[in-house]
Amino acid sequence: MRILFLALVGFLTAMINIGFVIWVEKTKDIQQYFKIALAAGITGMLFCGCQGTAQQIILCIANATLLFTAYIDFKTQEVYRVIWIIPMVIAGIGIPRTKETALNLTIFFILQFFLFSKFYGKADSFCFCLSAETIAMSNGQLLDCLIHMLIALFLMFAINLYKHNVDKHLKLKKPEPFIPYIYVAWILIIFWINGGMRYVFL
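Quantities reported herein were computed from a predicted structural model and do not represent experimental measurements.

Criteria and thresholds
Residues numbered from 1 in each chain as written. Predicted model: local features only at pLDDT ≥ 70, side-chain atom pairs only at ≥ 80, totals over all residues. Heavy atoms only, no water. Helix = DSSP H or I, 4+ residues; strand = E, 2+ residues; numbered from the N terminus. Buried < 20%, exposed > 50% of the residue type's maximum accessible area, 1.4 Å probe, protein only. Polar contact = N/O pair within 3.5 Å; in protein donor to acceptor, adjacent residues only side chain to side chain. Expected span 1.5 Å × (residues − 1). Axes fitted to C-alpha atoms, helices over the stretch in contact; angles between N-to-C directions. Parallel < 35°, antiparallel > 145°, perpendicular 65-115°, else oblique. Left-handed = near helix turned anticlockwise from the far one by under 90°. Contact = heavy atoms within 4.5 Å. Nonpolar A, V, L, I, M, F, W, Y, C, P; charged D, E, K, R; others polar. Salt bridge = Lys/Arg side-chain N within 4 Å of Asp/Glu carboxyl O. Core = buried A, V, L, I, M, F, W, Y, C linked by side-chain atoms within 4.5 Å.

(A) Highlighting the side chain of Q55. Note that Q55 resides in helix 3 (residues 53-76). By relative accessible area, which is 14% here, Q55 ends up buried. A polar contact of 3.3 Å, which involves the side chain of Q55, links it to the side chain of S138.

Here it is as structure tokens:
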């Protein structure tokens, strides 16, 4: 029952985001989005082994948001910032109330919006910040957030190098959506912090 509940949470979260995009863009093509909602529900079941029902729900909500925005970024490279607000507020509820965690997240948020956002979009910074909140909730440290960034950058560089989309100055020849790589890196780091793939089957 818990697995099905988490799948429902992921599905509904994605549907809420989809409803917002459909309302803003006045589009009637909902079939493509519905598939993403199903994917959000299915992947949400992966978090059933995390400790605590609240953490499981928050991870499902974050997963659905990251997956949906990864798809939007892949299709249009334009993600509405308002999509991040509610998931970030919800994720903030699960963050440990310690000075160290508050300091780590403050430093990371400042780095994202005042330094790193100059090298990629604001939506990417919001994506990293939501990811950082879930990493902190899983008792991750600032180093884990930075490792998450490095994994995402490595994945993007490696795949674009394979696609011959990197010039001699190690810059992309054509713009590439970044959030899909951030999402994959997030899955990897969250699973690693929570003990690896084995916890899915607990």
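(B) Geometry of helix 6 (residues 122-137). Compared with an ideal rise of 1.5 Å per residue, which puts 16 residues at 22 Å, helix 6 spans 23 Å between its outermost C-alpha atoms and is within 8% of the ideal. For helix 6, the tally of buried residues reaches 14 of 16 residues, placing the bulk of the element in the interior. Just past helix 6, the residue N139 takes up positive phi, approximately 70°.

(C) Layout of the packing of helix 3 against helix 6. Here helix 3 crosses helix 6 at 160°, and the two axes come no closer than 11 Å. By the angle between their directions, the pair helix 3 and helix 6 is classed as roughly antiparallel. Taken as a pair, helix 3 and helix 6 cross one another with a handedness that is left-handed. Across the interface between the two elements, Q55, I58, L59, A62, T65, L66 and D73 of helix 3 pack against D124, C127, L130, S131, T134 and M137 of helix 6. Class assignment of the residues belonging to the contact of helix 3 with helix 6 gives a composition of 7 nonpolar, 4 polar and 2 charged.

(D) Geometry of the pattern of salt bridges. Counted by the stated rule, this structure contains 1 salt bridge. Note that K163 is salt-bridged to E176, the shortest N-O span being 3.3 Å. Remark: E176 occurs in the loop between helix 7 (142-162) and helix 8 (179-193) and K163 occurs in the loop between helix 7 and helix 8; sequence separation between them is 13 residues. Note on E176: relative accessible area 19%, which makes it buried.

(E) Region of interest: the nonpolar core. Core analysis: the biggest nonpolar cluster contains 58 residues, and W84 and W186 have the highest contact counts within it. When contributions to this core are tallied by element, the ones reaching two or more residues are helix 1 (2-25), helix 2 (31-44), helix 3, helix 4 (85-93), helix 5 (99-114), helix 6, helix 7 and helix 8. For this core, the element with the most residues is helix 3, which contributes 12 residues. Residues contacting W84, with those up to four places away along its chain left out, are T65, L66, T69, V79, A123, F126, C127, L130 and I179.

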